[in-house]
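This is what each chain is made of:
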Amino acid sequence: MQRRHLLALPLAMPFLSRAAQAQGTVPVVASFSILGDMVRQIGGERVALRVIAGPDVDAHSFQPRPADAEAVRGARLVVRNGLGFDAWLDRLVRSAGYRGPVATASEGITPRALEDSHGHNHGHAQDPHAWQDLRHGQSYVRTIAAALAAADPEGAEGYRMRAEAYLARLAALDGWVRQQIATVPEPRRQVVTSHDAFGYFAAAYGVRFLAPQGISTDSEPSAAEVARLIRLLKRQNITALFLENMANPATLRRLAAEAGVTVRGQLYADALSRPDGPAPDYEAMFRHNLGLLVPAMKGEG
Ligand SMILES: [Zn+2]
């Protein structure tokens, strides 16, 4: 309401810019929480960030609101994942009449094909969850930093410095993830989870993720499917069963109960937690997930 008043009165514009200064001066829109964190790490105080699909929100099936179109219209840069993950943002950009730059964070990454005969495929031919490989995450950071510098050349030096520090942390985190996985005997590197979000993680870190059909969708799996999964869990001695923060837990809980396996907690896949939760940023998400995955795969606890 205030904003509308200020925009209607040119004389009031100094107030608007002062208000904007308090939370950064360069308005940037990011489609979902993980990209938002990356923009925040690189942009620092200079960026006034608006994240559209926020913490614990399923960005796959997101429905933008009118206020989101307004934010896009006022942005100097829009950052999306691409690979079909946040296609709703493209529609939002069009409907908002936004003509500014749109950075695709996954640009330059070779996408994995989705194995869609098995598991739910979000309706895409390509797996969009590239951020689950920290090397791809570093590529995201370089792409976002370049886009910020192009959209706001005056801030370029700051973006470059913060991006460099961030890239060093992500490289170290990638090494730590590999060390952690290496402590798990190879045949035990198997996980069952509720949606098919860990394909890039699996390929990068050598862990096998099973997201069997029926688990990730709203529909209940058939009795035969449940029986097949229970046999699989027992035969392979899989002890790492996980929920995800934005997926429906009912089916996986039922499967766990029938197989006599404990659900080992909640992984963060496509969305961060709220600031007071266990995965408030991209780096914390990996530490949280590994902290659950490693003992669960070993069958500890
Ligand atoms: Zn997903």
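Everything in this summary refers to the structure shown in the same document.

About the cut-offs
- Residues numbered from 1 in each chain as written.
- Predicted model: local features only at pLDDT ≥ 70, side-chain atom pairs only at ≥ 80, totals over all residues.
- Heavy atoms only, no water.
- 1 Å grid on protein atoms, 1.4 Å probe; cavity = no way out; pocket = protein on both sides within 12 Å on 5 of 7 lines; lining within 4 Å.
- Points joined across faces, edges and corners; volume = space filled by probe spheres on them.
- Nonpolar A, V, L, I, M, F, W, Y, C, P; charged D, E, K, R; others polar.
- Core = buried A, V, L, I, M, F, W, Y, C linked by side-chain atoms within 4.5 Å.
- Buried < 20%, exposed > 50% of the residue type's maximum accessible area, 1.4 Å probe, protein only.
- Domains from an automatic or database assignment.
- Pairing = 2+ DSSP bridges.
- Helix = DSSP H or I, 4+ residues; strand = E, 2+ residues; numbered from the N terminus.
- Axes fitted to C-alpha atoms, helices over the stretch in contact; angles between N-to-C directions.
- Contact = heavy atoms within 4.5 Å.
- Parallel < 35°, antiparallel > 145°, perpendicular 65-115°, else oblique.

## Let's talk about empty space enclosed by the protein
Counted according to the given criterion, the structure contains one cavity of 30 Å³ or more. In this structure, the largest cavity spans a volume of roughly 40 Å³. Lining the largest cavity are Pro187, Arg188, Gln190, Gln236, Asn237, Ile238, Thr239 and Met297. Across the lining of the largest cavity, the residue classes break down as three nonpolar, four polar and one charged.

## Description of the nonpolar core
A general trend in soluble globular proteins is that nonpolar side chains are found buried together. Judged by nonpolar contacts, the single largest core of 77 residues is most densely connected at Phe201 and Tyr282. Three or more residues apiece are contributed to this core by two domains, here domain 1 (2–104 + 114–174) and domain 2 (181–298). Among the nonpolar cores identified, the runner-up in size contains 15 residues, and Val226, Leu229, Ile230 and Leu232 belong to it.

## Examining the sheet that holds strand β1 (residues 26–32)
Strands sit in the order β2-β1-β3-β4 across an open sheet of four strands; the sheet is parallel. The outermost strands of the open sheet, each flanked by one partner alone, are β2 (47–53) and β4 (102–104). Across this sheet, the average inter-strand angle for adjacent strands is 20°, counted without regard to direction. Across the face of the sheet, helix α6 (residues 134–151) comes into contact with β1, β2, β3 (77–80) and β4 while running at roughly 170° to β3.

## So, the packing of helix α4 (residues 66–73) against helix α5 (residues 87–96)
Between α4 and α5, the shortest axis-to-axis distance is 9 Å and the interhelical angle comes to 70°. The pairing of α4 with α5 is recorded here as roughly perpendicular in orientation. Contacts between α4 and α5 pair Asp68, Ala69, Val72 and Arg73 from the former with Leu92, Val93 and Ala96 from the latter. Here the residues of the contact of α4 with α5 sort into five nonpolar, no polar and two charged.

## Focus on unusual backbone geometry
In the Ramachandran plot, aspartate 56 falls in the positive-phi region, its phi being about 60° despite a non-glycine side chain. Mapped onto the elements, aspartate 56 comes out in the loop between β2 and α4. Notably, leucine 83 is not glycine yet its phi reads approximately 60°, a positive angle. Along the chain, leucine 83 falls in the loop between β3 and α5. With relative accessibility at 17%, the residue leucine 83 sits in the buried group.

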